[in-house]
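Summary of the model geometry
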Amino acid sequence: MSAKRKHIDMYLGEIFKEFISLKDKDLKKSQEVFNSVFEQVKQKMEEQCNYFSKYAKQVLYAGSVYDGIKVSKLDEFDMNIVIRLPISYEDGEDGITLENAQPGFVKMKISRPFDNLDKQKDWENCHKVTRDWRDSDKYLLQNKFRQWLHSIIQKALNAMNNEVTVNGVKYELKYKSSGPAYTLNIENKNESFYLDVDLVPVIRFMLPRWPKGYRNIGDDKAKDWLVVPKPNKALNVKEQNQCWRLSFQEQERKVMKNLKQLKVVIRLVGVYFIGTTMLILFFY
């Protein structure tokens, strides 16, 4: 190996150690705080809404941390909260009709099932929150869906006085709306601890149901696919609210599973700008 190659490898090794790899101590601390805070917030959310308590039993980890491509430091988590609809997920008038919209987006039309919810005994106590989730054309509205979840989080944090205690340490909680996500900020200034948690409400479908026009990788282990209330800002307001973004995160992970060097490349590309900036500062 040439001296130049050794120098490059040494330089890249230092960059990886300093800027790319997550530190074990920081990783353990962030995960511990995240898990405790999320469980406490979710429990308080269940107290605020009977529908959420009944139909939000599943959460899915997402984002760069779960995919193993997070760089620099562990200062954020992504969590998909699966919200179950109280109807059949089959195609057609008695279930959910999926319509292709813009590339990567679908519309969900729900007719009879939601029309009959007000006749069920749980309407007043539970299902009434779904009343505004559709428009006059029977399409499920992603903006109303998001607003419903955001209101529950806000009520939960207010009930918690915007703070939570983990292992005797108090953390301040703040929140803000960010696209389809509701970003929860967890902070302790004395410990210089800061963590962002994106909470995204999603609707989960499973095989054999699959959106038309999209390739299925054909793996029985990757059964889930999601629709996310992420607006397409290229559309007018009415179309934005009707369109839901498709997400195939389980299929993406399956594709990446045996590509051993892909995550390394992604992490190096992600830190490329950090290394470039350091060089510029060094030679400036």
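Here goes a summary of the coordinates provided.

**A look at unusual backbone geometry**
Pro208 follows Leu207 through a cis peptide bond whose omega is 15°. Within the fold, Pro208 resides in the loop between strand S8 (193–206) and strand S9 (224–228). Backbone geometry places Lys138, a non-glycine residue, at a positive phi of 80°. Following the sequence through the fold, Lys138 ends up in the loop between helix H5 (112–115) and helix H6 (142–159). Lys138 gets classed as partly exposed once you look at its relative accessible area, which sits at 27%. Even without being glycine, Asn162 reaches a positive phi, approximately 55°. Along the chain, Asn162 turns up in the loop between H6 and strand S5 (163–166). The exposure class of Asn162 is partly exposed, given its relative accessible area of 28%.

**Quick notes on the packing of aromatic side chains**
Using the criterion set out here, one finds 16 aromatic pairs in the structure. Between the aromatic rings of Tyr175 and Tyr182, the centroid separation amounts to 5.5 Å while the plane-to-plane angle is 20°, which identifies the pairing as stacked. Since its relative accessible area comes to 4%, Tyr182 is described here as buried. Following the ring pairs from residue to residue traces out a cluster consisting of Tyr51, Phe52, Tyr55, Trp133, Phe145, Trp148 and Trp244. Positioned above the aromatic ring of Tyr89 is the side chain of Arg84, whose terminal nitrogen or guanidinium carbon lies 3.9 Å from the ring centre. When the ring centre of Tyr139 is taken as origin, the NZ or CZ atom of Lys107, which lies over that ring, is 5.3 Å away.

Each value, and the rule that gives it
Residues numbered from 1 in each chain as written. Predicted model: local features only at pLDDT ≥ 70, side-chain atom pairs only at ≥ 80, totals over all residues. Heavy atoms only, no water. Helix = DSSP H or I, 4+ residues; strand = E, 2+ residues; numbered from the N terminus. Buried < 20%, exposed > 50% of the residue type's maximum accessible area, 1.4 Å probe, protein only. Phe/Tyr/Trp six-rings, centres within 6.5 Å; stacked < 30°, edge-to-face > 60°. Lys NZ or Arg CZ within 6 Å of the ring centre and 35° of its normal.

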